[in-house]
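The residues making up each chain are set out below.
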Amino acid sequence: MTTTAEPTTTGEIGKARVRKEDQRLITGRSRYTDSITPPGTVHIAVVRSTIARATITSIDKSEAEKAPGVFGVYTAADLGAEEVGMPCAWPITPDQKAPQRPVLAVGRVNFSGEGVAVVVARSAAAARDAAELVEVDYEPLEPVLDMEAAAQDGAELVHPDLGTNVSATWVFDSAAAGTGADVAEAIKAAEADSDSVVVRRRFRQQRLIPAFMEPRSCVVDPTGEQLTIWAATQVPHILRTMTTVTLGVPESKLRVIAPDVGGGFGGKIGVLPEEMLCVLLAQKLGKPVKWTETRSECMLTAHHARDQIQDLVMTAKKDGTITGFDVHLYADMGAYLGLVGPGVPILGAFMFNAIYKIPALKFTCSNVFTNKTLTDAYRGAGRPEATFAVERMLDELAVELGRDPMELREQNWIKHEEFPFTTVVGLTYDTGNYEQATQRAMDLFDYAGLRREQEERRKSGDPVQLGIGISTFTEMCGLAPSRVLGSLDYGAGGWEAASIRMLATGKVEVTTGASAHGQGHETAFSQIVADKLGVAFEDVEILHGDTQVAPKGLDTYGSRSLVVGGVAIVNAADKVIEKATKIAAHLLEASEDDIEFANGQFTVRGTDKGKAIQEIAFAAFMAHDYPEGMEPSLDSDAVFDPENFSYPHGTHLAAIEVDTDTGRVNLRKYVCVDDIGNVINPLIVEGQVHGGLAQGIAQALFEEANYDDQGTLVNATFVDYTIPSAADLPSFTTETVSTPATSNPLGVKGVGEAGTIASTPAILNGVLDAVRHLGVDEIEMPTTSQRVWRALQVAKGRARRRPRATPTPPAPASAPSTRTTPRERSSDPGQVRLRPALLGRGGRDGPAVRR
């Protein structure tokens, strides 16, 4: 059963409206990019390297050029594109190493799947067939695949001209930033204090593939003076700008359209070599050019995600009070830098403190090149990795102290009366109530009852053991403000634009720069406008995803559509009302100060005289009688740039059954209670949470991109890469509570990434909780039956080898309890420094950066 708290409402906001979009989407009436084929279209297929690292010695195109339906076969040299490099919009340090990522390989290949040549043919099938006839000779080189080894001095280099495999190292130190205490001192003090503990762990975030429903696709039509690009993208506005930056096509000559887009999850946030090839070839041939990848191409070359090694040290008093947290990451960038890939781990840097009052924090991240597909944003983008680390460490600390993991969390989290709260990294959380969300989740979950059942199973030696997984999370989302993003060297702002057009007939057209790919924008935004202007929900039309229709925008990612784009719409609506008030006062022969607006009606205070907003819109259209000096229009534009992020939070609980004979993991029950501020549409929220849970649980239990020792992706199909279906997951129990955000007039917080961010550590904590008493203290993700079974066998082997007569003595009373990891800390090449009270208390200029 699924439970969702639906607020009582008489308006549209808060109503569980079925999505407007669904009628066309579920009846096959939608138009995806692959559905678009202008007259005279030619198709392309990319010849891709089968080797991860090699020098190209020759390319023989002759047989392919003679194949039926082929117009031509082109290399980078043939297109004059040898110097064209794909953009990276986030240089996280001034000395970041950024190799040129070519549209087609020039002289060498650096990952399996990299494009070497492109075939143009009459049909997609003919292009793919001819691509197989292109013969490429390679001189193979040893691939660089281990990110930690690649970061060491003397390692084989992915890009020899860079002199290193480390693209950049980024450091935040709360002591240097003046936002907290010194981590090194906290560790030193804890190691010398018998009343403290030091917990050291190493976790691995495996490589994932976004695996969206619709493969990537692009159509470029050069007809007329303007190039029109249709693309399966999350970022039509950014694609337009980056096409100009990359190829020099004037932005005014580019129109980018994102029609219906079948999923993205961050996987369609990039600017693609194939998109640039379509533009180059359309210009060269004077014909529309189309590319749609196969599913295996998508798995192989669409950017991957996560792929981190996390070395963590947490210090605490034996009473449970956390005193410090040291974080060191290696992040695998793959062979090149994605559009925002270098900054993904940095987004997580500000969330390792999570909901906890951690007084000292240091974060060091080294971005490393390997001969693999590049990594970039994926649902949550850095925040899931951070949440996983801190929530796993809270469980490890609880084990070390012999404490209930929920009680330990409550001891350290920010209490509701302490908001607004400025964290150790300088962010100001505006609102929250972790106690409320947690208590409700525990009630729905029957936490106490399941703990009793767990104890009974352990006592009876039941082969199926029960584990309880906890994740109490928050996230930094609604990606903005522009000043803060600028202080982090991000290559764009965080604002969003909207416009409202009041039509003569009383209908409303809304344009938004937020570009949907399944989130329900058309429905939720219609509800906001209907309530704001007092018009019927059915009378509102939302226009998006077309840079000619909605010329200004920064698109959709980072749970920003509602908290930034939705607020821009509210601000535009306020301007419409302001204009309409002037006209209403004129027509009603009253002072503006006496005009009241409610439920779509302008009335003179204290009278029954009034006019509907539709009447005012028609009067403005007719322009027969309107105030002197005023334009005869209600149409209004707005751009909203928030002064803070939004901080949703929640508590997620998982009941996990583990068969200790087979290693089989069964997710028996999952409960989550999320605080996302005010809810616009509970049905959409529920869908977003369900989808996010599926993806986060999938990382914990199912998904992993696997390479062999030659750098070949060995699971590049859905036969081999496991994505869960409904049959693999239980019914979720979900609910929302609300502490409205103060950072925007809607009081909303982001929801699109919450389920993914919170669920992965909840599952891992639950799996380990089920078997930890049997001697298992770590299982690498995904926790497949085989990995769980092997971990149990290793634990049994240790137990058999342990001498009975000479048990391990306890540590001396004067020595702290510690856990060690095999690696040493690297030196700090620099540090990022944030001002105190970064946001919400005079920190509008964002963090100062010092390296």
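Residues numbered from 1 in each chain as written. Predicted model: local features only at pLDDT ≥ 70, side-chain atom pairs only at ≥ 80, totals over all residues. Heavy atoms only, no water.

### So, the overall build of the protein
Logical step 1: Within the protein, the regular secondary structure consists of 21 helices and 29 strands.
Logical step 2: Computed over its C-alpha atoms, the radius of gyration of the protein comes to 28 Å, within 12% of the 29 Å expected for a compact globule of 851 residues.
Logical step 3: In terms of overall dimensions, the protein has a C-alpha envelope of 100 × 80 × 50 Å along the principal axes.
Logical step 4: Within the protein, buried positions represent 61% of all 851 residues.
Logical step 5: For the protein, the exposed surface amounts to about 31,300 Å²; the carbon and sulfur share of it is 50%.
Logical step 6: In the protein, 83 side chains carry a positive charge and 111 a negative one; their mean positions are 3 Å apart. (Helix = DSSP H or I, 4+ residues; strand = E, 2+ residues; numbered from the N terminus. Rg over C-alpha atoms; globule rule 2.2 N^0.38 Å. Buried < 20%, exposed > 50% of the residue type's maximum accessible area, 1.4 Å probe, protein only. Areas by Shrake-Rupley, 256 points an atom, 1.4 Å probe, with all protein chains shown as cover. Lys, Arg positive; Asp, Glu negative; His and termini not counted. Charge placed at Lys NZ, Arg CZ, Asp CG, Glu CD.)

### A short note on the environment of Arg53
Logical step 1: With respect to the helices, strands and loops of the structure, Arg53 is situated in the loop between β1 (42-48) and β2 (54-60).
Logical step 2: For the pair Arg53 and Asn706, spaced 653 residues apart in sequence, the C-alpha separation works out to 17 Å.
Logical step 3: Not counting chain neighbours up to four residues away, the residues in contact with Arg53 comprise Val109, Pro140, Leu141, Glu142, Pro143, Glu156, Leu157, Val158, Pro160 and Asn371.
Logical step 4: A distance of 2.8 Å separates a polar side-chain atom of Arg53 from the backbone oxygen of Glu142. (Contact = heavy atoms within 4.5 Å. Polar contact = N/O pair within 3.5 Å; in protein donor to acceptor, adjacent residues only side chain to side chain.)

### Some thoughts on the nonpolar core
Logical step 1: Phe325, Phe352, Phe363, Tyr670 and Ile763 are the most contacted members of the largest nonpolar core, which totals 147 residues.
Logical step 2: Here the element with the most residues in this core is helix α11 (residues 383-401); it accounts for 9 residues.
Logical step 3: Residues within four places of Phe352 in sequence aside, it is in contact with Gln310, Leu312, Phe325, Val327, Leu329, Ile358, Leu361, Phe363, Ala386, Ala389 and Val390.
Logical step 4: Residues Val540, Val567, Leu588 and Val604 belong to the second largest nonpolar core, which totals 45 residues. (Core = buried A, V, L, I, M, F, W, Y, C linked by side-chain atoms within 4.5 Å.)

### Looking at a nonpolar patch on the surface
Logical step 1: A contiguous nonpolar surface patch, about 310 Å² in accessible area, is contributed by Phe618, Phe621 and Met622.
Logical step 2: Positionally, Phe621 belongs in helix α18 (residues 613-622).
Logical step 3: Relative accessible area serves as the criterion here: at 54%, Phe621 is assigned to the exposed category. (Patch = residues over 30% accessible without salt bridge, like charges linked within 9 Å, V, L, I, M, F, W, Y side chains within 5 Å. Salt bridge = Lys/Arg side-chain N within 4 Å of Asp/Glu carboxyl O.)

### As for a positive patch on the surface
Logical step 1: A cluster of basic residues, Lys796, Arg798, Arg800, Arg801 and Arg802, forms a positive patch on the protein surface.
Logical step 2: Within the secondary structure layout, Arg800 lies in helix α21 (residues 785-801).
Logical step 3: Of the residues examined, Arg800 reaches a relative accessible area of 66% and is grouped as exposed.

### So, unusual backbone geometry
Logical step 1: Ala480 connects to Pro481 through a cis peptide bond whose omega is -5 degrees.
Logical step 2: Cis geometry is found at the peptide bond from Met781 to Pro782, where omega equals -10 degrees.
Logical step 3: As for its position among the elements, Pro782 is in the loop between α20 (754-771) and α21.
Logical step 4: Of note in this structure, Arg306 is not a glycine but carries a positive phi near 60 degrees.
Logical step 5: By secondary structure assignment, the location of Arg306 is in strand β13 (residues 305-317).

### Quick notes on the sheet that holds strand β25 (residues 636-640)
Logical step 1: Spatially, β21-β20-β19-β25 is the arrangement adopted by the 4 strands of the open sheet, whose pairing is mixed. Edge strands, defined here as strands with exactly one partner in the open sheet, are β21 (540-543) and β25. When strand polarity is set aside, the average angle formed by the axes of neighbouring strands in this sheet is 20 degrees.
Logical step 2: Note: strand β20 (residues 508-512) against β21, 4 bridges, orientation parallel. The partner of Glu509 across the bridge, within β21, is Glu541.
Logical step 3: With respect to the sheet, helix α16 (residues 521-533) is in contact with β19 (496-502), β20 and β21, its orientation differing from that of β21 by roughly 135 degrees. (Pairing = 2+ DSSP bridges. Axes fitted to C-alpha atoms, helices over the stretch in contact; angles between N-to-C directions.)

### Looking at the sheet that holds strand β5 (residues 115-121)
Logical step 1: Pairing is mixed in the open sheet, where 7 strands are placed in the order β3-β5-β1-β12-β9-β10-β11. Bordering the open sheet on either side are β3 (70-74) and β11 (254-257), each of which pairs with just one other strand. Between one strand axis and the next, the sheet turns by 20 degrees as a mean value, whatever way the strands run.
Logical step 2: The pairing of β3 with β5 spans 4 bridges and is antiparallel. Paired with Val70 across the bridge in β5 is Ala121.

### Some words on the confidence of the model for the protein
Logical step 1: Per-residue confidence for the protein gives a mean pLDDT of 93; residues scoring 70 or more make up 93%.
Logical step 2: Across residues 1-7, confidence stays below pLDDT 50; counting only partners more than four residues off in sequence or on other chains, it has 23 contacts.
Logical step 3: Across residues 805-851 the pLDDT falls below 50, and counting only partners more than four positions away or on other chains, this stretch makes 118 contacts in the model. (pLDDT = per-residue confidence, 0-100.)

### Overview of the state of the cysteines
Logical step 1: Within this structure, the stated rule accounts for 0 disulfides.
Logical step 2: Here Cys218 is not cross-linked by a disulfide; its sulfur's nearest cysteine counterpart is in Cys278, at 4.2 Å.
Logical step 3: A relative accessible area of 0% means that Cys218 is categorised as buried.
Logical step 4: Summary of cysteine pairing: Cys365 is not part of a disulfide, and the nearest cysteine sulfur, belonging to Cys88, is at 13 Å.
Logical step 5: For Cys365, a relative accessible area of 0% corresponds to the buried category. (Disulfide = S-S within 2.5 Å.)

### Observations regarding the packing of helix α17 (residues 561-587) against α18
Logical step 1: It is the contact of α17 with α18, at a shortest axis distance of 10 Å, that shows an interaxial angle of 80 degrees. Taken together, the axes of α17 and α18 lie roughly perpendicular to each other. Taking contact as the criterion, the partners of Val576, Ala580, Ile583, Ala584 and Leu587 in α17 are, on α18, Ile613, Ile616, Ala619 and Ala620. (Parallel < 35°, antiparallel > 145°, perpendicular 65-115°, else oblique.)

### Side note on the packing of aromatic side chains
Logical step 1: Applying the stated criterion across every chain yields a total of 13 aromatic pairs.
Logical step 2: Ring geometry for Phe352 against Phe363: centres 5.5 Å apart, planes inclined by 50 degrees, an arrangement best described as tilted. Of the two residues, Phe352 is situated in the loop between α10 (344-349) and β15 (361-369) and Phe363 in strand β15; the sequence distance between them amounts to 11 residues.
Logical step 3: Note on Tyr429 and Tyr647: the rings are 4.7 Å apart at their centroids and 40 degrees apart in plane angle, and the pair reads as tilted. Remark: Tyr647 occurs in the loop between β25 and β26 (649-659) and Tyr429 occurs in strand β17 (residues 428-429); sequence separation between them is 218 residues.
Logical step 4: Taking the relative accessible area as the measure of exposure, Tyr647 reaches 1% and is therefore buried.
Logical step 5: Put simply, the rings of Trp170, Phe325, Phe350, Phe352 and Phe363 pair up and form one aromatic cluster.
Logical step 6: Lys20 extends its terminal NZ or CZ atom over the ring of Phe537, reaching a point 4.7 Å from the ring centre.
Logical step 7: A cation over an aromatic ring shows up here: Lys268 above the ring of Phe212, its NZ or CZ 4.6 Å from the ring centre. (Phe/Tyr/Trp six-rings, centres within 6.5 Å; stacked < 30°, edge-to-face > 60°. Lys NZ or Arg CZ within 6 Å of the ring centre and 35° of its normal.)

### Digging into a negative patch on the surface
Logical step 1: A contiguous patch of negative charge on the surface is contributed by Asp60, Glu65, Glu135 and Asp137.
Logical step 2: On the secondary structure map, Glu65 appears in helix α2 (residues 62-65).
Logical step 3: The class of Glu65 is partly exposed, set by a relative accessible area of 39%.

### A few points about the packing of α11 against α20
Working note: a packed helix pair is described by the angle between its axes plus the distance between those axes.
Logical step 1: It is the contact of α11 with α20, at a shortest axis distance of 8 Å, that shows an interaxial angle of 30 degrees. Here α11 is positioned roughly parallel relative to α20, judged by the angle of their axes. Remark: the crossing between α11 and α20 carries right-handed chirality. For the pair α11 and α20, the contacting residues are Arg383, Pro384, Thr387, Phe388, Glu391, Arg392 and Asp395 in the first and Ile757, Thr760, Pro761, Leu764, Asn765 and Leu768 in the second.
Logical step 2: Looking at the contact of α11 with α20 residue by residue, the class counts come to 6 nonpolar, 3 polar and 4 charged. (Left-handed = near helix turned anticlockwise from the far one by under 90°. Nonpolar A, V, L, I, M, F, W, Y, C, P; charged D, E, K, R; others polar.)

### Focus on the pairing of strand β10 (residues 227-231)
Logical step 1: Counted residue by residue, β10 has 5 buried out of 5 residues, so it is predominantly covered.
Logical step 2: Burial along β10 is two-sided: Leu227, Ile229 and Ala231 facing one way and Thr228 and Trp230 facing the other are all buried.
Logical step 3: Sheet analysis places strand β9 (residues 217-221) next to β10, joined by 4 bridges and oriented antiparallel. Looking at the pairing, Val219 lines up with Trp230 of β10.
Logical step 4: Adjacent in sequence and paired antiparallel, β9 and β10 are bridged by 5 residues, among which Gly224 carries a positive phi angle near 80 degrees.
Logical step 5: Pairing geometry for β10 and β11, over 4 bridges, is parallel. Of the residues in β11, the one forming a bridge with Trp230 is Ile257.

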